Amino acid sequence: GGLAIHVARYWQDNPTKCPKSFKGIIPISPAITGNLPPYPVVLTLRYGLAPIFPRWTPFFMPHPVSPDRIWSDKRVLELSTAKRLEDMGL
């Protein structure tokens, strides 16, 4: 895992040495653990509440906001909209 992170960072810093098919990494680690709630709670959420809530996006939900409306700092705006990030698919 650590080696993959270092290689990915190296390729981000040196995009000319990066394979064309490289899109990024997703480390899968057991470092994050969690416990499920008690079984009756899981059943209630899955079969009682989940079916009555919609899976579609309501018409009144906002559309994605453009980066220039999100970032007030011009430097952060430039970094978040850099051509290099678009080329990497981020």
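The structure this text deals with has already been given above.
Residues numbered from 1 in each chain as written. Predicted model: local features only at pLDDT ≥ 70, side-chain atom pairs only at ≥ 80, totals over all residues. Heavy atoms only, no water.

A look at the overall build of the protein chain
Item 1. Tallying secondary structure elements over the protein chain gives 5 helices and 0 strands in all.
Item 2. Tracing the protein chain from N to C terminus, the helices and strands come up as α-α-α-α-α.
Item 3. On C-alpha atoms alone, the protein chain measures out to a radius of gyration of 20 Å, which is more than a quarter above the 12 Å that the 2.2 N^0.38 rule sets for 90 residues.
Item 4. C-alpha extents for the protein chain along the principal axes are approximately 55 × 40 × 25 Å.
Item 5. Here the protein chain, with 90 residues, has 8% of them falling under the buried criterion.
Item 6. For the protein chain, the exposed area adds up to about 8600 Å²; of that, 64% sits on carbon and sulfur atoms. (Helix = DSSP H or I, 4+ residues; strand = E, 2+ residues; numbered from the N terminus. Rg over C-alpha atoms; globule rule 2.2 N^0.38 Å. Buried < 20%, exposed > 50% of the residue type's maximum accessible area, 1.4 Å probe, protein only. Areas by Shrake-Rupley, 256 points an atom, 1.4 Å probe, with all protein chains shown as cover.)

Let's talk about the packing of aromatic side chains
Item 1. Summed over all chains, the structure comprises 1 aromatic pair.
Item 2. With centroids separated by 5.0 Å and ring planes inclined at 75°, the aromatic side chains of tryptophan 11 and phenylalanine 22 adopt a geometry described as edge-to-face. Taken together, the residues tryptophan 11 in helix H1 (residues 2-13) and phenylalanine 22 in the loop between H1 and helix H2 (39-49) connect sequence positions 11 residues apart.
Item 3. Residue tryptophan 11 is classed as partly exposed on the basis of its relative accessible area of 23%. (Phe/Tyr/Trp six-rings, centres within 6.5 Å; stacked < 30°, edge-to-face > 60°.)

Considering the layout of surface pockets
Item 1. Its boundaries defined by the atoms lining it, the largest pocket holds a volume of some 200 Å³.
Item 2. Together, Trp11, Gln12, Pro15, Cys18, Pro19, Lys20, Phe22, Lys23, Arg84, Asp87 and Met88 line the largest pocket.
Item 3. Only H1 and helix H5 (83-87) provide two or more residues apiece to the lining of the largest pocket. (1 Å grid on protein atoms, 1.4 Å probe; cavity = no way out; pocket = protein on both sides within 12 Å on 5 of 7 lines; lining within 4 Å. Points joined across faces, edges and corners; volume = space filled by probe spheres on them.)

Re a nonpolar patch on the surface
Item 1. Taken together, the side chains of Val41, Leu45, Leu49, Ile52 and Phe53 make up a nonpolar region of the molecular surface, amounting to roughly 470 Å² of accessible area.
Item 2. Residue position: valine 41 is located in helix H2.
Item 3. Residue classification places valine 41 among the partly exposed positions, given a relative accessible area of 36%. (Patch = residues over 30% accessible without salt bridge, like charges linked within 9 Å, V, L, I, M, F, W, Y side chains within 5 Å. Salt bridge = Lys/Arg side-chain N within 4 Å of Asp/Glu carboxyl O.)

A short note on the pattern of salt bridges
Item 1. Overall, the coordinates contain 2 salt bridges when judged by the stated rule.
Item 2. Linking aspartate 13 and arginine 9 is a salt bridge whose minimum nitrogen-to-oxygen distance equals 3.2 Å. Of this pair, aspartate 13 and arginine 9 both sit in helix H1, 4 residues apart, which is roughly one turn of that helix.
Item 3. Judged by its relative accessible area of 45%, aspartate 13 is partly exposed.
Item 4. The salt bridge involving glutamate 78 is made with arginine 75; its shortest N-O contact spans 4.0 Å. You can see glutamate 78 and its partner arginine 75 sitting in helix H4 (residues 74-80), 3 residues apart, about one turn around the helix.

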